[in-house]
Amino acid sequence: MNFISRALVLGSLSTVVGCASMKGGTKSPDTTEPTPPPATASLVDNCDDTQKGVSKEADALASPYGIDQHVDKNFPDRKVSWLMTDGAYQKFVVQTGAKNFGRCNDVACYLFAAPSASIQGAVEKSKTADGKHDPAVLGQALGLPAKNFEGPLRMMTLDLAAQKVCTRLPVDADPGVWKCTTPEDKDCFKFGGYTSGGAPEVMVINAPVVDTQVVEIP
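Remember, it's a predicted structure, so these values are computed and weren't measured experimentally. (Residues numbered from 1 in each chain as written. Predicted model: local features only at pLDDT ≥ 70, side-chain atom pairs only at ≥ 80, totals over all residues. Heavy atoms only, no water.)

### Here's the deal with the state of the cysteines
Counted under the stated rule, the structure contains two disulfides. One disulfide bridge connects Cys104 with Cys109, the sulfur atoms lying 1.9 Å from each other. Judged by the sign of its S-S torsion, about 105 degrees, the bond between Cys104 and Cys109 is right-handed. (Disulfide = S-S within 2.5 Å.)

Take a look at the structure:
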């Protein structure tokens, strides 16, 4: 190779290397550890000492599956819904000016609630051509007797995380609990976070009326 040709080749190579250098060359591998997502706070943190004690006992009975695992699996968005007949809503909420939903005693108000997606999906599935709902379809979807859903209903939805509401596994000492006596019983309590029909549920303590979305179901 003559001198001129060799000089041109070397000049071309230096130009390529120079361009690569200006572009940063070979990038070093990123060894930075990814930042883990922040841990979701337990809904039990919103409970008072009494309810925290009940929750601890319930988790021990359900071990190794406690309220946090139950919520993560079945309530990923931390939203719950429940249904009431319009008659019950008027009698126990409107007429009394109730501040909280549920059965109340001197300690608190206790409410069984299910995942919002499940309740809302069941309501949509039960809608009929005339704009009303079919109690049988709704009951079947939720694993509860159809008679519970006869007539106009109200559907309540509450964001437990946003409102910082105490939530735990239900226990058989909770107000309103009716224990199952036979495997065929429906609308009765079985410990473990699921209804007798297999629908997920939680016990919500002092669910505030003012922060709950209410929708009429004809």
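That was the structure; now back to the text.
### Quick look at the pattern of salt bridges
Per the stated rule, a full pass over the model turns up five salt bridges. Here Arg154 makes a salt bridge to Glu216, at a shortest N to O gap of 3.9 Å. Here the residue Arg154 occupies a position in strand β5 (residues 153-159), and Glu216 occupies one in strand β9 (residues 213-217), the gap between them amounting to 62 residues. Assessed through its relative accessible area of 13%, Arg154 is described here as buried. Arg168 is paired through a salt bridge with Asp174; the nearest N and O atoms lie 2.7 Å apart. Assigned by exposure class, Arg168 and Asp174 land together as buried. (Salt bridge = Lys/Arg side-chain N within 4 Å of Asp/Glu carboxyl O. Helix = DSSP H or I, 4+ residues; strand = E, 2+ residues; numbered from the N terminus. Buried < 20%, exposed > 50% of the residue type's maximum accessible area, 1.4 Å probe, protein only.)

### A short note on helix α2 (residues 49-62)
An ideal rise of 1.5 Å per residue puts 20 Å on 14 residues; α2 measures up with 20 Å between its terminal C-alpha atoms. When α2 is considered as a whole, its buried residues turn out to be Gln51, Ser55, Ala58 and Ala62. Along α2, the residues classed as buried sweep out an arc of 65 degrees about the axis, all on the same side. Opposite its buried face, α2 presents the exposed residues Asp49, Lys56, Glu57 and Ala60, each directed more than 90 degrees away. The elements touched by buried residues of α2 are α3 (67-74), β4 (109-115), β6 (167-168) and β7 (202-205). Two to three positions downstream of the cap, the backbone nitrogen of Thr50 sits 3.2 Å from a side-chain oxygen, assigning the N-cap of α2 to Asp48. (Expected span 1.5 Å × (residues − 1). Arc of directions from axis to C-beta. Contact = heavy atoms within 4.5 Å. Polar contact = N/O pair within 3.5 Å; in protein donor to acceptor, adjacent residues only side chain to side chain.)

### Digging into the packing of aromatic side chains
If you walk through the whole model with that rule in mind, you get one aromatic pair. With a centroid separation of 5.2 Å and an interplanar angle of 75 degrees, the aromatic rings of Trp82 and Phe101 are classed as edge-to-face. Of this pair, Trp82 sits in strand β1 (residues 79-85) while Phe101 sits in strand β2 (residues 100-101), and the two are 19 residues apart along the sequence. Summarising the burial analysis for this pair, Trp82 and Phe101 share the class buried. (Phe/Tyr/Trp six-rings, centres within 6.5 Å; stacked < 30°, edge-to-face > 60°.)

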